[in-house]
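Fold and geometry: a report
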Amino acid sequence: MSSLFRKIDHVGIAVPDLDDAIAFYRDTFGVVSVHEETNDEQGVREAMLEVAQGDDSSGSTRIQLLAPLTPESTIAKFLDRNGQGVQQVAYTVDDIDAVSTTLRERGMRLLYDAPKRGTSGSRVNFVHPKDARGVLVELVEPAR
């Protein structure tokens, strides 16, 4: 059986204050933000931090910081339940529709019927953590 994933796209970390978290990663680890945006649909303000630049085939290694826009957002609820920390592991896929179909055939529940817009125009969906042994798995098809 071949892997459905091309690589780890990023690790998502829930934070209560995005600007404070960006400063912490920059000042403590020397990791800088390379992209920031607000995703109203997902209820988050987010930043992508580049940890290391990969070779031409692998791309960069990234951390995604996610801060809630409202107290009702998924990230706000995660922070209330767990405090700040790792919220999800995201994998790059070539064809999110095909991967979603395969995972559903294998008994996995996906959070959305159809992929939603993610960072930088990517298409994303999530495997329910109860089906993925406690890990929220994000599927990321980069924008073409």
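Our subject is the structure that appears above.
Residues numbered from 1 in each chain as written. Predicted model: local features only at pLDDT ≥ 70, side-chain atom pairs only at ≥ 80, totals over all residues. Heavy atoms only, no water.

1. Some remarks on the packing of aromatic side chains
Applying the stated rule across the entire model yields 5 aromatic pairs. Taking 4.0 Å as the distance between ring centres and 10° as the angle between the ring planes, the aromatic pair formed by Phe 5 and Tyr 91 counts as stacked. Here Phe 5, found in the segment before strand E1 (7–14), pairs with Tyr 91, found in strand E5 (residues 85–92); they are 86 residues apart in sequence, far enough to count as distant. For the ring pair Phe 24 and Tyr 25, a centre distance of 5.5 Å and an interplane angle of 90° mean the geometry is edge-to-face. (Phe/Tyr/Trp six-rings, centres within 6.5 Å; stacked < 30°, edge-to-face > 60°. Helix = DSSP H or I, 4+ residues; strand = E, 2+ residues; numbered from the N terminus.)

2. Quick look at the environment of Thr 38
Looking at where Thr 38 falls in the secondary structure, it is placed in strand E2 (residues 32–39). Spatially, the C-alpha atoms of Thr 38 and Ala 98 are 28 Å apart, while their sequence positions differ by 60 residues. If sequence neighbours within four positions are ignored, Thr 38 has contacts with Val 44, Arg 45 and Leu 69. (Contact = heavy atoms within 4.5 Å.)

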